[in-house]
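Understanding the architecture of this molecule
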2 protein chains.
Amino acid sequence: MKVKEIANAKDANNLKVTRQEAIINLIENEHVGTQNELLKRLEEAGFAVTQATISRDIRELRLVKVANPGGSYHYEISKSNDNSLDSNKFYSIFTAGVNKVDYANNLVVVKCFTGLAQAVCATMDGMDWPGIVGTVSGDDTILVVMRDEYCAMELVQKLKEIR
Amino acid sequence: MKVKEIANAKDANNLKVTRQEAIINLIENEHVGTQNELLKRLEEAGFAVTQATISRDIRELRLVKVANPGGSYHYEISKSNDNSLDSNKFYSIFTAGVNKVDYANNLVVVKCFTGLAQAVCATMDGMDWPGIVGTVSGDDTILVVMRDEYCAMELVQKLKEIR
DNA sequence: GTATTTTATGCATAATTATGCTATGATAAA
DNA sequence: TTTATCATAGCATAATTATGCATAAAATAC
């Protein structure tokens, strides 16, 4: 295979990717209500595709159309995408960021290295564990409110196993 | 106004509400891919409406259709962090900002849309409710320490009424 | 090299969803 | 009471979105 062909291939491959990136950018920065609107915006940005392609992009990106309070619609990134947090990802963030885990009553305290609490907390929220009523995190500490003391104990046990 | 009329009014009013509750239930428990599918399920559950009505329900409930990894689609509840407070003058900061309220023991956890916890917390502090010992708020969660569990329960009840 | 498979996309159209108009019944006002 | 206003939902249809089929180009296999 010639070098130029490789280049073309990469360009072609990137085309879809960059277009999809552009789509995400667009819907994050303005209210796009229909695929045709998106089509026009993309055209302006130099991406000439048909509505069919955009429909497929939207499926691949798992974008969703949601109602505005006013009655119109706009596309946005599905928040359920963020939930696709596999345990592996959690483990690495957790082991990297957590210093100490303890509990008192129905409260679990997760001590993190400074600045990492937010990240670890977000990851923990994403795991959607049973028994968690809510979480607050500061700079280096996460406070996890559990339904009861037993849940707290269980969680601490689980977390200690991970480390 | 006669008693019967009141009853009818309430029934009529509840019809939409209970139907929408049924819709939420349905989409949470099985994969509903289209509004027609939903229509059939609702029929089975005793709600005879047309697709148009379902479309409107979906708009009101702000449900979204999202792609499954397999290529099909299903409806789900939007986890949209709608921070567009300004767009809706009808709602108070509380209804706009609060997502979920729960408690465990003497702690009340108020889950807010990201970034709104501070604002909501300030509003709550200003209300000067009885039984509140103190509040802490992170990015999206407020932790309210109550005098005791009974107070916590009461507060949660009050907050749920507001929403 | 050629053949085969895969990927991206357009076109036309099917499938799905949203909405203007209207009717009906409830609520509020006069 | 009578009239006006408001909310719900059906019907028909417009608007929007998804997809089967075809094509081209690229990746892979032979």
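This report concerns the structure included in the present document. (Residues numbered from 1 in each chain as written. Chains lettered and ligands numbered in written order. Predicted model: local features only at pLDDT ≥ 70, side-chain atom pairs only at ≥ 80, totals over all residues. Heavy atoms only, no water.)

1. As for helix 3 (residues 51-61) of chain A
- Of all the residues in helix 3 of chain A, the buried ones are I54, D57, I58 and L61 of chain A. In an axial view of helix 3 of chain A, the angular spread of the buried residues amounts to 100°, which keeps them on one side of the axis. (Buried < 20%, exposed > 50% of the residue type's maximum accessible area, 1.4 Å probe, protein only. Helix = DSSP H or I, 4+ residues; strand = E, 2+ residues; numbered from the N terminus. Arc of directions from axis to C-beta.)

2. Details of the pairing of strand 6 (residues 141-146) of chain A
Residues and elements named next belong to chain A.
- Examined bridge by bridge, strand 4 (residues 107-112) and strand 6 share five bridges and lie antiparallel to one another. Across the sheet, residue V108 finds its bridge partner in strand 6, namely V144.
- As paired strands, strand 5 (residues 132-137) and strand 6 are joined by five bridges and run antiparallel to one another. Among the inter-strand pairings, S137 is bridged to a residue of strand 6, identified as I142.
- Hairpin connection from strand 5 to strand 6: three residues lie between these consecutive antiparallel strands. (Pairing = 2+ DSSP bridges.)

3. Things to note about the sheet that holds strand 5 of chain A
Residues and elements named next belong to chain A.
- The antiparallel open sheet is built from four strands, whose spatial order is 3-4-6-5. What marks the edges here is a single partner per strand, and that holds for strand 3 (98-104) and strand 5. Mean inter-strand twist for the sheet, computed between neighbouring axes without regard to direction, equals 15°. (Axes fitted to C-alpha atoms, helices over the stretch in contact; angles between N-to-C directions.)

4. Comments concerning the pattern of salt bridges
- In the structure shown here, the tally under the stated rule is ten salt bridges over all chains.
- Notably, a salt bridge pairs R41 of chain A with E30 of chain A, separated by 2.8 Å at the nearest N-O pair. On the criterion of sequence distance, the pair formed by R41 of chain A in helix 2 (residues 35-44) and E30 of chain A in the loop between helix 1 (3-29) and helix 2 is long-range, its members being eleven residues apart.
- Among the residues examined, E30 of chain A registers a relative accessible area of 27% and is labelled partly exposed.
- Note that E60 of chain B and K16 of chain B form a salt bridge whose closest N and O atoms lie 3.0 Å from each other. (Salt bridge = Lys/Arg side-chain N within 4 Å of Asp/Glu carboxyl O.)

5. Some remarks on the layout of surface pockets
- Estimates place the volume of the second largest pocket at around 400 Å³.
- Along its surface, the second largest pocket is lined by 23 residues, and V64, K65 and Y75 of chain A together with K65 and Y75 of chain B are the ones closest to its centre.
- Among the elements of the structure, helix 3, strand 1 (63-67) and strand 2 (73-77) of chain A together with helix 3 (51-61), strand 1 (63-67) and strand 2 (73-77) of chain B are those that each provide at least two residues to the lining of the second largest pocket.
- Of the residues in the lining of the second largest pocket, the class split is 14 nonpolar, four polar and five charged. (1 Å grid on protein atoms, 1.4 Å probe; cavity = no way out; pocket = protein on both sides within 12 Å on 5 of 7 lines; lining within 4 Å. Points joined across faces, edges and corners; volume = space filled by probe spheres on them. Nonpolar A, V, L, I, M, F, W, Y, C, P; charged D, E, K, R; others polar.)

6. Observations concerning the interface of chain A and chain B
- Contacts between the two partners involve 28 residues from chain A and, on the opposite side, 32 residues from chain B.
- Taken together, both faces of the contact between chain A and chain B bury some 2300 Å²; the carbon and sulfur share is 56%.
- Applying the counting criterion to the chain A and chain B interface returns one salt bridge.
- A salt bridge links R147 of chain A to D102 of chain B, with the shortest nitrogen-to-oxygen separation between them at 3.5 Å.
- The tally of links from chain A across to chain B stands at five residue pairs in polar contact (both at pLDDT 80 or more).
- With five residues, strand 1 of chain A is the single largest residue contributor to the side of chain A that touches chain B. (Contact = heavy atoms within 4.5 Å. Buried area = accessible area lost by both parts, 1.4 Å probe. Polar contact = N/O pair within 3.5 Å; in protein donor to acceptor, adjacent residues only side chain to side chain.)

7. Description of the packing of helix 2 (residues 35-44) of chain B against helix 3 of chain B
Residues and elements named next belong to chain B.
- At a minimum axis distance of 9 Å, the contact between helix 2 and helix 3 shows a crossing angle of 105°. Classified by the interaxial angle, the pair formed by helix 2 and helix 3 is roughly perpendicular. Across the interface between the two elements, Q35, L38, L39 and L42 of helix 2 pack against Q51, I54, S55 and I58 of helix 3.
- Of the residues contributing to the contact of helix 2 with helix 3, the split by class is five nonpolar, three polar and no charged. (Parallel < 35°, antiparallel > 145°, perpendicular 65-115°, else oblique.)

8. Quick word on the packing of aromatic side chains
- Inspection of every chain in the model, using the stated rule, returns zero aromatic pairs over all chains.
- Seen from the ring of Y73 of chain A, K65 of chain A lies directly overhead, with NZ or CZ sitting 5.2 Å from the centre. (Phe/Tyr/Trp six-rings, centres within 6.5 Å; stacked < 30°, edge-to-face > 60°. Lys NZ or Arg CZ within 6 Å of the ring centre and 35° of its normal.)

9. A word on the nonpolar core
- One finds V101, V108, V110, I142, V144 and M146 of chain A to be the most contacted residues of the largest nonpolar core, which totals 20 residues.
- Every element with two or more residues in this core is listed here: strand 3, strand 4, helix 5 (117-127), strand 6 and helix 6 (149-162) of chain A.
- With five residues, the top contributor of residues to this core is helix 6 of chain A.
- Residue contacts for V144 of chain A: discarding those within four places in its chain leaves N106, L107, V108, V110, M124, I132, G134, T135 and L155 of chain A.
- Judged by nonpolar contacts, the second largest core, of 15 residues, contains V108, C112, A152 and L159 of chain B. (Core = buried A, V, L, I, M, F, W, Y, C linked by side-chain atoms within 4.5 Å.)

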